[in-house]
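An overview of the molecular structure
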Amino acid sequence: MSDLSGRTTIVVGASRGLGHGVATALSAAGAPVVAVSRTAATFPEPASGSGPIRTEVVDAGDATVAATLIDRHEPSAVVLVAGATPHMRPLQEQTWETFAVNWEADVRIAFHWLREILLTPLRPGSRVVVFSSGAAIGGSPLSGGYAGAKSTLRFITGYAQDEARRAGMDITFTTVLPQFAPATDVGGPAVRAYAARSGLSQDEFLARVGPLLTPELAGKSIVDLLQADASTIAPGYVLNGVGLKKLA
């Protein structure tokens, strides 16, 4: 997929944050983009040579949406970024409903889309990128079930890759684990909560985190990943302010 022009990519969760950055970057690289979100999204006017961005305002967690959009658009790639903003409180201040919000949103969305990608299936040579979180490795004590839900995304993406291989499907699945992205609706509250827990200002806390991830850098990294030779793609990557790093 080194040339993305004419290769439709569905970006699920494209209205804000990292998903918006991914959709914008893919369009700039020439890919026709289907931007899926629960609320309307706006994008810059495409420059010359950019791919068109078509929006689909739907609930990506609905069991029928993945099948409908895959049949309608016949994508060469699917990027799953969508998820809920966790309730930032310590464990004892969570309710089951707040604790489980990312299981009911993030995991539900990934399950329906991965299942449909295998059932359809996508055409040979297709790519699937699922956004998890660095919390899947290090935990996240202030976000309820967020870390566990994000870890499950990594597991089920691996399961999907195994099922594709067993069925002889030429589809490449990989998981991306972004670190703190303070400019997003998920990263901003997390930075404020963990800075306060550490007794630091937000600037002091972020200085300890290292190079910061932005939607623009996330978009560039996903373009690079989709353009790479499939034989070089790792099962998972950490994504931070420096870029992508293969997980051991």
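My aim in this report is to walk through the structure given alongside it, one point at a time. (Residues numbered from 1 in each chain as written. Predicted model: local features only at pLDDT ≥ 70, side-chain atom pairs only at ≥ 80, totals over all residues. Heavy atoms only, no water.)

Focus on the overall build of the protein
Secondary structure assignment for the protein yields 9 helices and 8 strands. The C-alpha radius of gyration computed for the protein amounts to 17 Å, which stays within 12% of the reference 18 Å derived for 248 residues, consistent with globular compactness. With respect to the principal axes defined by its C-alpha atoms, the protein has extents near 50 × 40 × 35 Å. Counting only residues that meet the buried cut, the protein has 52% of its 248 residues in that class. Excluding contacts between residues fewer than 6 apart, the proportion of contacts in the protein whose partners are at least 24 apart in sequence is 66%. Put simply, the protein shows about 11600 Å² of open surface, and 52% of that area lies on carbon and sulfur atoms. Taking the 20 positively charged and 21 negatively charged side chains of the protein as two groups, their mean positions are separated by 4 Å. (Helix = DSSP H or I, 4+ residues; strand = E, 2+ residues; numbered from the N terminus. Rg over C-alpha atoms; globule rule 2.2 N^0.38 Å. Buried < 20%, exposed > 50% of the residue type's maximum accessible area, 1.4 Å probe, protein only. Contact = heavy atoms within 4.5 Å. Areas by Shrake-Rupley, 256 points an atom, 1.4 Å probe, with all protein chains shown as cover. Lys, Arg positive; Asp, Glu negative; His and termini not counted. Charge placed at Lys NZ, Arg CZ, Asp CG, Glu CD.)

Remarks on the packing of aromatic side chains
Taken as a whole, this structure holds 4 aromatic pairs when the rule is applied. Pairing phenylalanine 155 with tyrosine 159 gives two aromatic rings, centres 6.4 Å apart and planes at 25°, and the pair type is stacked. Taken together, the residues span about one helical turn, with phenylalanine 155 and tyrosine 159 both in helix α6 (residues 146-166) at a distance of 4 residues. Three or more aromatic residues joined by ring pairs form one cluster here, namely Phe180, Tyr194 and Phe205. (Phe/Tyr/Trp six-rings, centres within 6.5 Å; stacked < 30°, edge-to-face > 60°.)

Here we look at the pattern of salt bridges
Oppositely charged side chains may form a pair once their charged atoms are brought near each other. Following the criterion strictly, the structure yields 6 salt bridges and no others. One salt bridge in this structure joins glutamate 104 and arginine 108, with 2.5 Å as the shortest N-O distance. You can see glutamate 104 and its partner arginine 108 sitting in helix α4 (residues 101-119), 4 residues apart, about one turn around the helix. In this structure, lysine 220 and aspartate 224 form a salt bridge, with 3.0 Å as the shortest nitrogen-oxygen distance. (Salt bridge = Lys/Arg side-chain N within 4 Å of Asp/Glu carboxyl O.)

Details of helix α2 (residues 65-73)
In an α-helix, one full turn covers 3.6 residues, which means residues spaced three or four apart are oriented alike. For α2, every residue scored as buried is listed here: Val65, Ala66, Ala67, Leu69, Ile70 and His73. Buried residues belonging to α2 abut β1 (9-12), β2 (33-37), β3 (53-57) and α4. Backbone geometry just after α2 places glutamate 74 at a positive phi near 45°.

So, the side chain of threonine 172
When you line up the elements, threonine 172 lands in strand β6 (residues 171-178). Threonine 172 has contacts with Ser126, Arg127, Val128, Gln161, Ala230 and Ile233, leaving out every residue within four places of it along the chain.

Quick word on the pairing of strand β7 (residues 236-240)
Here β7 lies mainly inside the structure; 4 of its 5 residues are buried. Here β6 runs beside β7; their pairing, made up of 4 bridges, is parallel. Its bridge partner lying in β7, leucine 177 is registered against valine 238. Where β7 meets strand β8 (residues 243-246), 4 bridges bridge the pair, whose relative direction is antiparallel. For asparagine 240, the partnering residue across the bridge sits in β8 and is glycine 243. Between β7 and the antiparallel strand that follows it, β8, lie 2 residues. (Pairing = 2+ DSSP bridges.)

A short note on the sheet that holds β1
Taken in spatial order, the 8 strands make up an open sheet running β3-β2-β1-β4-β5-β6-β7-β8, and their pairing is mixed. Looking along the sheet, the strands with just one partner apiece sit at the ends: β3 and β8. The sheet shows a mean angle of 20° between the axes of neighbouring strands, direction not considered. Note: β1 against β2, 4 bridges, orientation parallel. Looking at the pairing, valine 11 lines up with alanine 35 of β2. (Axes fitted to C-alpha atoms, helices over the stretch in contact; angles between N-to-C directions.)

Quick look at the environment of leucine 118
Along the chain, the position of leucine 118 falls in helix α4. With 37 residues separating them along the chain, leucine 118 and valine 81 place their C-alpha atoms 18 Å apart. For leucine 118, the contacting residues outside a window of four places in its chain are Ala160, Glu163, Ala164, Met169 and Phe173.

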